[in-house]
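The lines below spell out each chain.
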Amino acid sequence: MDILFATHNKSKLNSYKTEIEKYGLNVLSLDDLKIDYNVEEVSINTEENAIKKAIEYNRIAKIPTIAVDDGLIFENVPENVQPGPYVRRIDGKNASTDDELLEHYVNIVNKYGVNGKLNGKWVKGIAIVKSFDDISSMTFDVEKIFVNKPVEKRHEGYPLDSMSITPYFNKYTIDLTEEENTILKEKTNSKLIKFLEENFM
């Protein structure tokens, strides 16, 4: 069965694709379906944004659709500085470049972190729309340590992987091997795996 993963971001797609394909699904992106339309994300709640995106793209594509919205929360950072779901929209811009994002978040770590490190977490909202009356959604968190010294390697579209440490392995997120990513998903994303099983098994 074909399923749309509603993103143009290849790094985002690849971080979920393998897990979703375990359920016998053929994962397609917005680019695969030549959908050049962006759903406006207006909520500060990542789950609500994911639901809105999944419903709208399901209406366009007419196949089951998964949408994910990412928010970022730092420890001990003032509310007016927290990126929340507006990770890429710094300084009022609609979409900052990867380099601009790295510079911005390194500055936040320098200002609010201790010894060049700042604890934070990704708050991920995910929604699955199979039809207009079959909608499921949930939220899960992924803990990270953000540092002020990014490595040179980049995941296009996910630049903060170059400046975040995954605590379970104490390694830069971008340096995790495929095997380590699999272990990490089994250890820390059990809520996501259960959600996918409930919808596709």
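Structural notes, computed from the coordinates.

What counts as what
- Residues numbered from 1 in each chain as written.
- Predicted model: local features only at pLDDT ≥ 70, side-chain atom pairs only at ≥ 80, totals over all residues.
- Heavy atoms only, no water.
- Phe/Tyr/Trp six-rings, centres within 6.5 Å; stacked < 30°, edge-to-face > 60°.
- Helix = DSSP H or I, 4+ residues; strand = E, 2+ residues; numbered from the N terminus.
- Buried < 20%, exposed > 50% of the residue type's maximum accessible area, 1.4 Å probe, protein only.
- Core = buried A, V, L, I, M, F, W, Y, C linked by side-chain atoms within 4.5 Å.
- Contact = heavy atoms within 4.5 Å.

**Details of the packing of aromatic side chains**
Here comes step 1: By the definition in use, this model includes 6 aromatic pairs.
Here comes step 2: Seen from their ring centres, F74 and F146 are 5.3 Å apart, and the 80° between their planes marks the pair as edge-to-face. Taken together, the residues span a long stretch of sequence, with F74 in strand 3 (residues 65-74) and F146 in strand 5 (residues 134-147) at a distance of 72 residues. For the pair F74 and F146, one class covers both residues: buried.
Here comes step 3: Aromatic pair Y168 and F169: ring centres 5.0 Å apart, planes at 85°, arrangement edge-to-face.
Here comes step 4: Among the residues examined, Y168 registers a relative accessible area of 45% and is labelled partly exposed.
Here comes step 5: Relative accessible area serves as the criterion here: at 22%, F169 is assigned to the partly exposed category.
Here comes step 6: One aromatic cluster in this structure is built from F74, Y105 and F146.

**Re the nonpolar core**
Inside soluble globular proteins, nonpolar side chains tend to come together where they are buried.
Here comes step 1: I20, I66, Y105 and L160 are the most contacted members of the largest nonpolar core, which has 36 residues in total.
Here comes step 2: The element contributing the most residues to this core is helix 3 (residues 98-112), with 6 residues.
Here comes step 3: Here Y105 is in contact with L72, F74, P83, Y86, V87, I90, L160 and M163, once residues within four sequence places are set aside.
Here comes step 4: Among the nonpolar cores identified, the runner-up in size contains 14 residues, and L30, A61, I63 and A67 belong to it.

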